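The primary structure of each chain is shown beneath.
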Amino acid sequence: MKKELLDLVKELDLKIASDIKGLALVNKDWSEIFFFAKIENEWHKSLNMVEENLIDSIKLDGFTSDVEKLIRSSSQYNIDKLNIIKFDNKGNVDVEYADNDVSTYSLKKRWKKEQGI
């Protein structure tokens, strides 16, 4: 999954970004996938980048859909858990699992703090 995920990040073609850090939360019923891109020393959230005309909405939708499919088809996917995938544009991928009733708000907040965003 590591190489395929890095390929998807590269397909975003965000040459203006010096760094990209992403988080995917996926279980059997739903998913939330987003990333932050560092552009001119400032972090921009993927959804905000559409409004700022830094990325096309169709490209972003395709990316999130492809990441979700990749995770669910991976041998590392655990259908009974919340799959937590942390990734960046340097090829780092970390896979963790949590119970489905975990607070995703606290997961996202902790991840942002860990990433320095």
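Residues numbered from 1 in each chain as written. Predicted model: local features only at pLDDT ≥ 70, side-chain atom pairs only at ≥ 80, totals over all residues. Heavy atoms only, no water.

1. Remarks on the sheet that holds strand β5 (residues 93-98)
Counted only if it meets this: Two strands form a pair only when DSSP identifies at least two bridges running between them. Per the convention used, a helix needs a DSSP run of H or I reaching at least four residues, while a strand needs a run of E reaching at least two, with both numbered from the N terminus. Only the stretch in contact is used when a helix axis is fitted, and all axes are lines through C-alpha atoms; the angle between N-to-C directions ranges over 0 to 180 degrees. We call two residues in contact when some of their heavy atoms are within 4.5 Å.
Taken together, the 5 strands give an open sheet; going across it, the order is β3-β2-β1-β4-β5, and neighbouring strands pair in antiparallel fashion. A strand with exactly one partner marks an edge of an open sheet, and here the two such strands are β3 (42-45) and β5. Averaged over all adjacent pairs, the angle separating strand axes in this sheet is 15°, with direction ignored. The pairing of strand β1 (residues 19-26) with strand β4 (residues 82-88) spans 6 bridges and is antiparallel. Residue Gly22 lies in a different strand from β4, and its bridge partner there is Phe87. Seen against the sheet, helix α3 (residues 57-73) touches β1, β2 (31-39) and β4 and runs at an angle of roughly 125° to β2. Its contacts with the sheet put helix α4 (residues 104-115) on β1, β2 and β4, and the angle it makes with β1 is roughly 160°.

2. Let's talk about the nonpolar core
What counts, and what does not: The term nonpolar core refers to a set of buried residues drawn from Ala, Val, Leu, Ile, Met, Phe, Trp, Tyr and Cys, joined through side-chain atoms within 4.5 Å. Relative accessibility decides the category of a residue: with a 1.4 Å probe and only protein chains considered, values under 20% of the type maximum give buried, values over 50% give exposed, and everything between is partly exposed.
Leu14, Ala24, Phe35, Ala37, Phe63, Val67 and Ile71 are the most contacted members of the largest nonpolar core, which totals 24 residues. The greatest single-element share of this core, amounting to 5 residues, is contributed by α3. If we ignore the near neighbours within four places in the chain, the residues touching Leu14 are Ile20, Phe35, Ala37, Met49 and Leu54. Listed in part, the 9 residues of the second largest apolar core include Leu23, Phe34, Ile84 and Ala98.

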